[in-house]
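# Structural features, examined
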Amino acid sequence: MNTEAIATEHATRLSSVDPLLPHSDPLAGPDAAHEDFRVIIGDSGALGFAVRSEVDRNSGDSLWRALVEHRLLLRFAGPQPGECLAEILRQWDEYLTDTVRAGDWDAAAVVPRPSRDPAGSAELLRHGFAPVRVLAVRPADRLAAAGPPAEPGVRIRPAEPGDLATAVGLYAELQRYDAEFGSVTLRANATELLTAGMARELDRHEPTIWIAELYGRPLGLLQIQYPADTGWITPYVSAERVGYLSSLHVAEAARSSGVGSALAAHAHQLFDESGVDAVLLHHALANPTSTPFWYGQGYRPLWTYWHRRPAVLAHSERAAETNSLRKRLS
Ligand SMILES: CC(C)(COP(=O)(O)OP(=O)(O)OC[C@H]1O[C@@H](n2cnc3c(N)ncnc32)[C@H](O)[C@@H]1OP(=O)(O)O)[C@@H](O)C(=O)NCCC(=O)NCCS
């Protein structure tokens, strides 16, 4: 079984398991023709592409991830993907153990997988990975129950430049809450970064941030991206006009009283008016409020990101020493 045969079977399987997956792999970079790992066992095969991604600690992206992500992109063919993946993970681990500082919280190992192609999941668990983050999709024609009615007195309005401190405060609350679940990283310069990002958004002609108020008191925040700004995420879904729901947050005291549903309905109405075919959003799978909420609102998983963070666990330090000793002796 050669590289091309594995890639073709992989693509054929994906198109049958999920019609909303794109035809070409959004994760494959220009070097996708040269895999880093290839394992063939009997009539099964797997390819692995190792990619390193780093963001600056002064960038807005640094708030949502580890500064360094080592990503493994996978393609499978044949009936025994797990066995092939086990060997790829063994080789990748050897590389990570040699190159990444053990216990570094700002270095994560990430394996993105199409959510409906569970091949290899058990092997990922065996190697210390957990499904942490999901890119969820809601097709425009999805029928979903409306959710609880909002309390009377709730008003949704576009945020204005004068709302900067309120918007940053609500966003910081969302970050603190989501940080428990693995991707969000609380940073000392978070307020500064959030303020700069929000100020840019509030300066736009067409509103992208909305505030829910109860009797004049701000208690909910919604941020969206229209199709003109979603080029970065559109390749992940088979849809032409894509909206992105960047964030939704409701103050703790006001939760479960319909404010989140009202903000989500508002976002979906804006997306419908702009002719969006599908809406995407990221959420942390272990978040006990967002996961049930989004799936009640008509979203479902499209891509699942398996994380191991730190990429190399502290107790692997000894393994690294043993590795390098073995290399020196051989
Ligand atoms: C997720 C969040 C925005 C929801 O806001 P909310 O104001 O509590 O939402 P609502 O009151 O409209 O709906 C919540 C309840 O209705 C349920 N629900 C919502 N839509 C539903 C639907 N269509 N059908 C059935 N149930 C539904 C939810 O599961 C939830 O149930 P619970 O109260 O029993 O837990 C809020 O909990 C929050 O801010 N969480 C912390 C921050 C966060 O995680 N944000 C999302 C980041 S991706």
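Everything here concerns the structure above.
Let me sum up the structure you'll find in this document. None of these values were measured; they are calculated from a predicted model.

What counts, and where the lines are drawn
Residues numbered from 1 in each chain as written. Predicted model: local features only at pLDDT ≥ 70, side-chain atom pairs only at ≥ 80, totals over all residues. Heavy atoms only, no water. Helix = DSSP H or I, 4+ residues; strand = E, 2+ residues; numbered from the N terminus. Rg over C-alpha atoms; globule rule 2.2 N^0.38 Å. Contact = heavy atoms within 4.5 Å. Areas by Shrake-Rupley, 256 points an atom, 1.4 Å probe, with all protein chains shown as cover. Phe/Tyr/Trp six-rings, centres within 6.5 Å; stacked < 30°, edge-to-face > 60°. Buried < 20%, exposed > 50% of the residue type's maximum accessible area, 1.4 Å probe, protein only. Expected span 1.5 Å × (residues − 1). Near = heavy atom within 4 Å. Polar contact = N/O pair within 3.5 Å; in protein donor to acceptor, adjacent residues only side chain to side chain. Pairing = 2+ DSSP bridges. Arc of directions from axis to C-beta. Salt bridge = Lys/Arg side-chain N within 4 Å of Asp/Glu carboxyl O.

The subject of this paragraph is the overall build of the protein. When helices and strands are tallied, the protein shows 8 helices and 11 strands. Taken against the 2.2 N^0.38 rule, which gives 20 Å for 330 residues, the C-alpha radius of gyration of the protein at 22 Å falls within 12% of a compact globule. With the principal axes as the frame, the protein shows a C-alpha extent of 70 × 45 × 30 Å. For the protein, restricting intrachain contacts to residue pairs at least 6 apart in sequence, the fraction spanning at least 24 positions comes to 77%. Split by element, the accessible area of the protein, about 15900 Å² in all, is 53% carbon and sulfur.

Taken as a whole and assessed by the stated rule, the structure comprises 8 aromatic pairs. Their ring planes at 15° and their centres at 6.2 Å tell us that tryptophan 92 and phenylalanine 129 sit as a pair that is stacked. Linking tryptophan 92 in helix 2 (residues 81–99) with phenylalanine 129 in the loop between helix 3 (121–126) and strand 5 (130–139), this pair joins segments that are 37 residues apart in sequence. Both residues of the pair, tryptophan 92 and phenylalanine 129, belong to the buried class. Geometrically, the ring pair formed by tryptophan 232 and tyrosine 244 is edge-to-face, given 4.9 Å between the ring centres and 75° between the ring planes. Placement of tryptophan 232 in the loop between strand 8 (217–225) and strand 9 (242–250) and of tyrosine 244 in strand 9 is noted, with a sequence separation of 12 residues between them.

With that settled, consider helix 6 (residues 259–273). Taking 1.5 Å per residue, 15 residues should reach 21 Å; helix 6 reaches 21 Å between its end C-alpha atoms and fits that length. One or two steps after helix 6, the chain reaches glycine 275, where phi turns positive at roughly 70°.

So, about the site of the ligand. As a matter of local geometry, the ligand sits amid 26 residues, with Ser256, Gly258, Ser261, Asn287 and Gly296 nearest to it. Note that a nitrogen atom of the ligand is positioned 3.0 Å from one of the side-chain N or O atoms of threonine 289. In the model, a nitrogen atom of the ligand is placed 3.0 Å from a nitrogen or oxygen of the glutamine 297 side chain. Summarising the interface, the protein chains cover 77% of the accessible area of the ligand, which totals 950 Å² for the free molecule. Only helix 4 (164–178), strand 9, helix 6, strand 10 (278–284) and helix 7 (290–296) provide two or more residues apiece to the shell around the ligand. Residue contributions to the shell around the ligand peak at 5 residues, all from helix 7.

Let us look at the pairing of strand 11 (residues 300–308). For strand 11, the tally of buried residues reaches 8 of 9 residues, placing the bulk of the element in the interior. Here 7 bridges tie strand 5 to strand 11, and the two strands are oriented antiparallel to one another. Bridged to alanine 136 within strand 11 is proline 301.

Pairing analysis gives 6 bridges linking strand 7 (residues 209–214) to strand 8, with the strands arranged antiparallel. Looking at strand 8, one finds that isoleucine 209 is bridged to glutamine 223. Hairpin connection from strand 7 to strand 8: 2 residues lie between these consecutive antiparallel strands, with tyrosine 215 at a positive phi of about 45°. Pairing between strand 8 and strand 9: 6 bridges, direction antiparallel. Considered in strand 9, the bridge of glycine 220 is made with valine 250.

Turning next to helix 1 (residues 3–17). One turn of the α-helix equals 3.6 residues, which is why residues spaced by three or four share an orientation. The end-to-end C-alpha separation of helix 1 is 21 Å, in line with the 21 Å expected for 15 residues at 1.5 Å each. Where helix 1 is concerned, the buried positions are Ile6, His10 and Leu14. In a view along the axis of helix 1, the buried residues occupy a sector of 60°, so they form one face of it. Facing away from the buried side of helix 1 by more than 90 degrees, the exposed set consists of Glu4 and Ser16.

Cis geometry is found at the peptide bond from arginine 309 to proline 310, where omega equals 0°. Looking at the secondary structure, you find proline 310 in the loop between strand 11 and helix 8 (317–329). Here tyrosine 215, not a glycine, exhibits a phi torsion of approximately 45°, which is positive. Inspection of the secondary structure assignment puts tyrosine 215 in the loop between strand 7 and strand 8. A relative accessible area of 68% places tyrosine 215 in the exposed class. Positive phi outside glycine occurs at serine 256, with the angle close to 65°. Along the polypeptide, serine 256 turns up in the loop between strand 9 and helix 6. On the basis of relative accessibility, which here comes to 81%, the residue serine 256 falls in the exposed class.

This part covers the pattern of salt bridges. Under the criterion given, the structure shown has 18 salt bridges. Ionic pairing is found between arginine 155 and glutamate 213, a salt bridge with its closest N-O pair at 3.3 Å. You can see arginine 155 sitting in strand 6 (residues 154–158) and its partner glutamate 213 sitting in strand 7, a full 58 residues away along the chain. Across the pair arginine 204 and aspartate 229 runs a salt bridge whose closest N-O atoms are separated by 2.5 Å. Of the two residues, arginine 204 is situated in the loop between helix 5 (190–202) and strand 7 and aspartate 229 in the loop between strand 8 and strand 9; the sequence distance between them amounts to 25 residues. In this structure aspartate 229 comes out as partly exposed when scored by relative accessible area, which is 31%.

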